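# Working through the structure, step by step
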Amino acid sequence: MNTTTSTQQDLGPLIWVRGEIDLALMRAAEALGDAEHQAGAEQLKFAQTHLHQARGALAIVGLDGLTHFCDALEQLFADWHGGRITTTQGATALAQRAISAVRAHLDELVAGGEDQPMRLMPLYRDLMALRGESVVVPSELFFPDLTLRPPAPAQPSPAPGETPDPALKNLTRESVA
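No experiment lies behind these values; they were computed from the predicted model shown.

Rules used in this analysis
Residues numbered from 1 in each chain as written. Predicted model: local features only at pLDDT ≥ 70, side-chain atom pairs only at ≥ 80, totals over all residues. Heavy atoms only, no water. Helix = DSSP H or I, 4+ residues; strand = E, 2+ residues; numbered from the N terminus. Buried < 20%, exposed > 50% of the residue type's maximum accessible area, 1.4 Å probe, protein only. Contact = heavy atoms within 4.5 Å. Areas by Shrake-Rupley, 256 points an atom, 1.4 Å probe, with all protein chains shown as cover. Salt bridge = Lys/Arg side-chain N within 4 Å of Asp/Glu carboxyl O. Axes fitted to C-alpha atoms, helices over the stretch in contact; angles between N-to-C directions. Parallel < 35°, antiparallel > 145°, perpendicular 65-115°, else oblique. Left-handed = near helix turned anticlockwise from the far one by under 90°. Nonpolar A, V, L, I, M, F, W, Y, C, P; charged D, E, K, R; others polar. Expected span 1.5 Å × (residues − 1).

If you tally the helices and strands in the protein chain, you get six helices and zero strands. Here the protein chain, with 177 residues, has 37% of them falling under the buried criterion. Of the contacts formed within the protein chain by residues at least 6 apart in sequence, a portion of 69% connects residues at least 24 apart. Surface accessibility of the protein chain: about 10,200 Å² in total, with carbon and sulfur atoms responsible for 57%.

Printed below as a string of structure tokens:
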């Protein structure tokens, strides 16, 4: 569904669940708050749970790149809660920016914009770096719609070694003999 204009996308399912997504994202942001949290903080678990709800709805409506972005944020909350993050300095601010970016991306889609989750790559890299991932490639947020096919050519192309015009084919045979 990526990189297609919203006029080609069926926005009906997204609009139908948008209220639930917004509510889950708002609750995740509220649970996180502005304070820096230590490993094991319940606020992190609450934020992860609410984000998981939003992520599930995004997966159902087919926003694969945005879903993958939310997966990274959800995993950050899990790693943070579990004490697997080495430095949590600035983690709350980064997570809040990521939640805001998801909401902004959805706002753009509903307003007729294109689904381009690659624009989230700088934040995605920051999320992955905080989790200790040093190699992050842009293709991680690229999920093109492979069901789209180019239009068929007007006339079939001749096979290699064949001439397209039967009259030319006879000329070629005669000149060889």
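Don't stop here, the text continues.
Tallying each qualifying case throughout the model produces seven salt bridges. One salt bridge connects Asp79 with Arg84, and the closest N-O pair in it is separated by 3.2 Å. The exposure class of Asp79 is buried, given its relative accessible area of 9%. A salt bridge links Arg97 to Asp126, with the nearest nitrogen and oxygen atoms 3.7 Å apart. A residue pair is termed long-range when its members are at least 10 positions apart, and Arg97 in helix α4 (residues 91–110) and Asp126 in helix α5 (residues 121–130) qualify at 29 residues. For Arg97, a relative accessible area of 45% translates into the label partly exposed.

Before going further, it helps to examine the packing of helix α1 (residues 12–32) against helix α2 (residues 42–60). Following both chains from N to C, one finds α1 and α2 inclined at 160°, their axes separated by 8 Å at the closest point. Regarding the angle of α1 to α2, the classification is roughly antiparallel. Note that α1 runs across α2; the crossing there is left-handed. Residue-level inspection shows Val17, Ile21, Ala24, Leu25, Arg27, Ala28, Ala31 and Leu32 of α1 in contact with α2, the latter providing Gln43, Leu44, Phe46, Ala47, His50, Leu51, Gln53, Ala54, Ala57 and Leu58. Residue classes in the contact of α1 with α2 are distributed as 14 nonpolar, three polar and one charged.

Glancing now at α4. For α4, which comprises 20 residues, the first-to-last C-alpha distance of 29 Å matches the rise-based estimate of 28 Å (1.5 Å per residue) to within 8%. Among all positions of α4, only Ala91, Thr92, Leu94, Ala95, Gln96, Ala98, Ile99, Ala101, Val102, His105, Leu106 and Leu109 are buried. On its buried side, α4 packs onto α1, α2, α3 (64–81) and α5. Following α4 by one or two positions, Gly112 has its phi on the positive side, about 105°.

Put simply, α4 and α5 touch, their axes get as near as 10 Å, and they point 145° apart. When the axes of α4 and α5 are compared, the crossing they make is left-handed. Side by side, α4 and α5 meet where Ala91, Leu94, Arg97, Ala98 and Ala101 of the first sit next to Leu123, Asp126, Leu127 and Leu130 of the second. Here the contact of α4 with α5 is built from residues that sort into seven nonpolar, no polar and two charged.

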